[in-house]
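Each chain, letter by letter, is given below.
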Amino acid sequence: MSDDLRNIVLGVIAAGLSATIGWFARTYLWRRRLHRKQRFFGLPRNSESLLIVNREAGGDGAVHRFDVFALLELSALIKDCGAHAQILSHDLAQQGFGERTEFCVGGPTSNRRMAAHLAGLLPGIRINVDVDPSPDRGAFQIGTDRYRLEHGIAEYVLLARLTVGENARPVFLFCGQRAITNQAATRYLARNHEKLARKHGNRSFCLLLKVVNSQAYGPDVVELVADVTRAAQTPLPVPPRNSHRAIS
């Protein structure tokens, strides 16, 4: 074998080995990211999850279009994990939690299950659901802080990942002051789940997000206001009977 032919053969072998090593490295990294994603969402391959659907305020069983978009965002995440989703209306989801990952969308006025989760898992949060017009209508109270709704300008949404028990599957809450904020929270989760997984691991957390100028930017411009986990899990004092009606 001539030197030139030997060099060609060695070059082909080296290129093949490099390509093989590169493929294995990419596959390993892809699988590692997938496993981290599956652990964060509690969605191993072929597992089942629940999408809890609310109803549009004032509607007859209808779902707001922004909430439909939110469900589409979540469905893509579930599919990426190789899992399956069952859609249930909020008033039909009469079951416990922890056996299957749950994604619950909507505020307490349109989602009965969300109201139950807030009362049982995040007792430090009150949401004003007064039907009469007032500056505090729809406002969030978290601990001693209050966050009022400014339509189309500054709107708030809670994004929470909650677990009860060591081996329990998580419950994800997307509780916004308007339907467009629910979509904003699901999009924020889709874009930042790796960062959230690195920071929080498999622990519970509750984040307060602000949707900025939704009348111009839709659900795309979202700011993290604060991690309110501790305040949200600390029960608030019982309000006097003559105060505004709210759900905690």
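Up top is the structure these notes are about.
Only a predicted model underlies this, so the values are computations on that prediction, with no experimental measurement involved.

Visitor: Outline the pairing of strand E7 (residues 154–162), supporting the account with residue identities and numerical values.
Guide: Burial analysis of E7 places nine of its nine residues in the buried class, which makes it a mostly covered element. Where E7 lies against strand E9 (residues 205–212), eight bridges are found, and the strand directions are antiparallel. By the bridge assignment, Leu158 is partnered in E9 with Leu208. With six bridges joining them, E7 and strand E8 (residues 171–176) adopt antiparallel strand pairing. What sits directly across from Ala160, in E8, is Leu173.

Visitor: Describe helix H2 (residues 65–80), and please don't skip the residues or the numbers.
Guide: Relative to the 22 Å expected for 16 residues at 1.5 Å per residue, H2 spans 23 Å between its end C-alpha atoms, a close match to the ideal helical length. Within H2, the full set of buried residues consists of Phe66, Asp67, Ala70, Leu71, Glu73, Leu74, Leu77 and Ile78. Around the axis of H2, the buried residues are gathered within 155° of arc, so they sit on the same side. Summarising the geometry of H2, the exposed residues directed more than 90 degrees from the buried face are Arg65, Leu72 and Lys79.

Visitor: So what's going on with the nonpolar core? Which residues, and what values?
Guide: Formed by 27 residues in total, the largest nonpolar core has its most connected members in Phe41, Phe103, Phe174 and Leu189. Elements with a contribution of two residues or more to this core: helix H1 (3–41), strand E1 (48–53), H2, strand E3 (101–105), E7, E8, helix H4 (179–200) and E9. With 25 residues, the next largest nonpolar core counts Ile125, Tyr156, Val171 and Cys175 among its residues.

Visitor: How would you explain the side chain of Thr229 if you had to name every residue and give the values?
Guide: Inspection of the secondary structure puts Thr229 in helix H6 (residues 229–233). Here Thr229 falls in the buried class, since its relative accessible area comes to 13%. A polar atom in the side chain of Thr229 sits 2.9 Å from the backbone nitrogen of Cys206. Within polar-contact distance, the side chain of Thr229 engages the side chain of Asp227 at 2.5 Å. With residues up to four places along the chain from it excluded, the contact list for Thr229 reads Ser204, Phe205 and Cys206.

Each value, and the rule that gives it
- One numbering rule holds for all chains: residues counted from 1, following each sequence as written.
- For this predicted model, a pLDDT threshold of at least 70 governs which residues receive local features, and a threshold of 80 or more governs which side-chain atom pairs are given and counted, while totals over whole chains, interfaces and linings are taken from all residues.
- Water and hydrogen atoms play no part in the side-chain values, which are based on all heavy atoms of the structure.
- Burial status follows relative accessibility: with a 1.4 Å probe on protein chains alone, a residue under 20% of its type maximum counts as buried, one over 50% as exposed, and anything between as partly exposed.
- A helix here means a DSSP run of H or I that spans at least four residues, while a strand means a run of E at least two residues long, and both kinds are numbered starting from the N terminus.
- What makes two strands pair is DSSP finding at least two bridges between them.
- Helix span, as expected, comes to 1.5 Å for every residue beyond the first.
- By construction, the arc corresponds to the directions joining the helix axis to the C-beta atoms.
- Grouping buried Ala, Val, Leu, Ile, Met, Phe, Trp, Tyr and Cys residues that are joined through side-chain atoms within 4.5 Å yields what is termed a nonpolar core.
- A 3.5 Å cut-off defines polar contacts: any pair of N or O atoms within that distance qualifies, except that in protein one atom must be a possible hydrogen donor and the other a possible acceptor, and neighbouring residues in sequence count only when both atoms are side-chain atoms.
- Note on contacts: a residue pair qualifies if any of its non-hydrogen atoms lie within 4.5 Å across the two residues.

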